[in-house]
Amino acid sequence: MSHLRPPTRETDPAATATRVRPGASAAAPAGDPAARTTAPDPAWAPEALRPGWWRDGVLYQVYPRSFLDTDGDGHGDLPGVAARLPYLRRLGVSGIWMTPITASPDADWGYDVSDYLAVHPDFGTSEDARELFAQAHEQGVGVLHDVVPNHTSDRHPWFVDACSSRDARFRDFYVWADARPDGSPPNNWVSMFGGPAWRWHAPTGQYYLHNFTPRQPDLNWWDPRVRRAFRTILRHWTGLGVDGFRIDVCQAIVKDRELRDNPPATAEDRTNVRLRGQRPVYSMNRPEVHDVLRDWRALVDRHPRRPILLGETNTHDLQALSRYYGAAGAGPGSELHMAFNFRFMGQPYEAGPLRSIVAETERVLPAHAQPVWTLSNHDGSRYVTRWLGGDQRRVRGALLLLMSLRGTAMLYYGDELGLGDAPPVPLADARDPLAHGGLPGKDSRDPCRAPMPWDDAPHAGFTTGTPWLPAHDPRVTSVAAQERDPDSHLRFTTDLIALRRARPELHRAPMELPVLADGVLTLRRGPLDCHVNLSGTDVRLPGGHVLLATDRADDGTTPDALRLAPWQGAVVERR
Ligand code: GLC
């Protein structure tokens, strides 16, 4: 694979010249048609990262491999992210989370780390990373680094050593167990990606645990050396300038010490549990994970910049979710600062189910816990396809809902454009390990990871080379086209984020959920009502001053009664 080649940016002066330096023009490289869309806005005053940037602002998930390629190798890179900081700033986001940028043989696209301290050569160098973080800070944008503590790559030197003998120095960094008398795996655990979670290692005569692909052996968090190693990793990235961490598979890193069998799934369990046939009682969500998170929290709290912790808390039990924030005591909590609430995006796009999950979250999460809401990410179908069936008329209602929830909103790159999934990638060209059907019912994640459409240049302005995944068709949508169009989703999202900043009630005030009409979801935030009509018919609601509406003609009006066509929404200041 091309990404195993030696780093080119070190040796290629032309590539180095494309790097955007602080104070220099933030536009894309000369000759890059995308440059048109990224001219710096003279109105921006560089500002330092504000305290509370993660609490009060809107965050944005960048999939760096698909964002912008500056060296023509077909893979997005860190200078590409840096070149688009002005775009993100214009949109109004206050922080980014980048999926892993660490060295990896890419059996699971960066989520199989072979060196936690090195930058993947496809993305650039540690110097590129440092420079990106510095530039982000100058523009008031925080950066979250994705750390993967549940497993490593099978090429990681720890695992290579662990495989060399039962007495190897790093053997206990991983979860090894003897076969049962009949030779079968030590327990019934199944991999999140399908099939048994154990792989037989013939040379040393034991099984090793892999909760994902066999090329992602699980680390053994009962070994204190693993804990020490990760403290070093967190310190390293904090030293390079990151403002926090997104913790991959946060809920599963510590396993049951006795490796007990998981109980079978029942008819009442949710689809994802039934799909795997068992409840992950002993392989995930163990109480001891909280010790690790408390330790990490103490570590980041000691740092002068106070980096923050955001967990990929893949639990659908909101009581369990609330425990990841830790005890409040006198301060803001003792574990994660933020935890994804994936129950929300798992609901159908209907007023009833969405209202109940929001209400339950408000009821269950303690006051110090900052909820995190998202519509899409790199692990599943985008909201425009999954929720809206590709119907562009519905896009703004969903965005309005996201931005009106109490807590932090996380956009996935392209959400602001109303980007849906790209067409399926033929199996022969598939990149995602899930594409090969290891877990029936789980589709390839390639379509939600297609390159960002910047403009109408070849490959939508993403690369001058051959993109690692086919680009979206820029005739359907692109940043350039939406920046030109005053009535675009991009302009709407930008205005919505600005409104959220101007009226902090939108993200901060307690939420009430009055039912004002059938099929309409209303989030009452102090004097503001955010309505989205999910009923499929026209509705009339109490009037007021319309601060922002999905139908932009209504912006700034003061109707006696608010009429909303199907899928439309508005933020209204009540009389
Ligand atoms: C997380 C990541 C996903 C990855 C898995 C294994 O769920 O978001 O992309 O495949 O962990 O690391």
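Residues numbered from 1 in each chain as written. Predicted model: local features only at pLDDT ≥ 70, side-chain atom pairs only at ≥ 80, totals over all residues. Heavy atoms only, no water.

Caption draft 1: Representation of the domain arrangement of the chain in the model. Partitioning the chain into domains gives domain 1 (33-151 + 223-502), domain 2 (157-209) and domain 3 (511-574). If you look at the interface, domain 1 gives 24 residues, while domain 2 gives 18 residues. Carbon and sulfur atoms supply 65% of the area that domain 1 and domain 2 bury against each other, a total of about 1700 Å² over both sides. Looking only at domain 1, the three residues that lose the most surface to domain 2 are Arg225, Leu259 and Arg276, adding up to 31% of its buried area. Viewed at the interface, domain 2 and domain 1 are joined by one salt bridge. Asp261 serves as the salt-bridge partner of Arg180, at 4.0 Å between the closest nitrogen and oxygen. Applying the counting criterion to the domain 1 and domain 2 interface returns eight residue pairs in polar contact (both at pLDDT 80 or more). With five residues, the single largest contributor to the side of domain 1 that touches domain 2 is helix α7 (residues 224-240). (Domains from an automatic or database assignment. Contact = heavy atoms within 4.5 Å. Buried area = accessible area lost by both parts, 1.4 Å probe. Salt bridge = Lys/Arg side-chain N within 4 Å of Asp/Glu carboxyl O. Polar contact = N/O pair within 3.5 Å; in protein donor to acceptor, adjacent residues only side chain to side chain. Helix = DSSP H or I, 4+ residues; strand = E, 2+ residues; numbered from the N terminus.)

Caption draft 2: Broad picture of the packing of aromatic side chains. In this structure the tally under the stated criterion is 28 aromatic pairs. Summarising the aromatic geometry, the rings of Phe67 and Trp454 are spaced 5.2 Å apart at their centres and angled 75° between planes, so their arrangement reads as edge-to-face. Within this pair, whereas Phe67 is found in the loop between β1 (58-62) and α3 (78-83), its partner Trp454 is found in the loop between β13 (408-412) and α15 (479-484), the two being separated by 387 residues in sequence. No difference in accessibility class separates Phe67 from Trp454, as the two residues are buried. Between Trp97 and Phe340, the aromatic rings sit 5.7 Å apart at their centres with planes inclined by 50°, giving tilted as the arrangement. (Phe/Tyr/Trp six-rings, centres within 6.5 Å; stacked < 30°, edge-to-face > 60°. Buried < 20%, exposed > 50% of the residue type's maximum accessible area, 1.4 Å probe, protein only.)

Caption draft 3: The site of the ligand, seen in detail. Neighbouring the ligand are 14 residues; Asp108, Asp248, Glu312, His378 and Asp379 lie closest to it. The side chain of His151 places a nitrogen or oxygen atom 2.9 Å from an oxygen atom of the ligand. Here an oxygen atom of the ligand and a side-chain polar atom of His378 are 2.8 Å apart. Taken by itself the ligand offers 310 Å² of open surface, and the protein chains cover 95% of this. Of the residues in the shell around the ligand, the class split is four nonpolar, three polar and seven charged. (Near = heavy atom within 4 Å. Areas by Shrake-Rupley, 256 points an atom, 1.4 Å probe, with all protein chains shown as cover. Nonpolar A, V, L, I, M, F, W, Y, C, P; charged D, E, K, R; others polar.)

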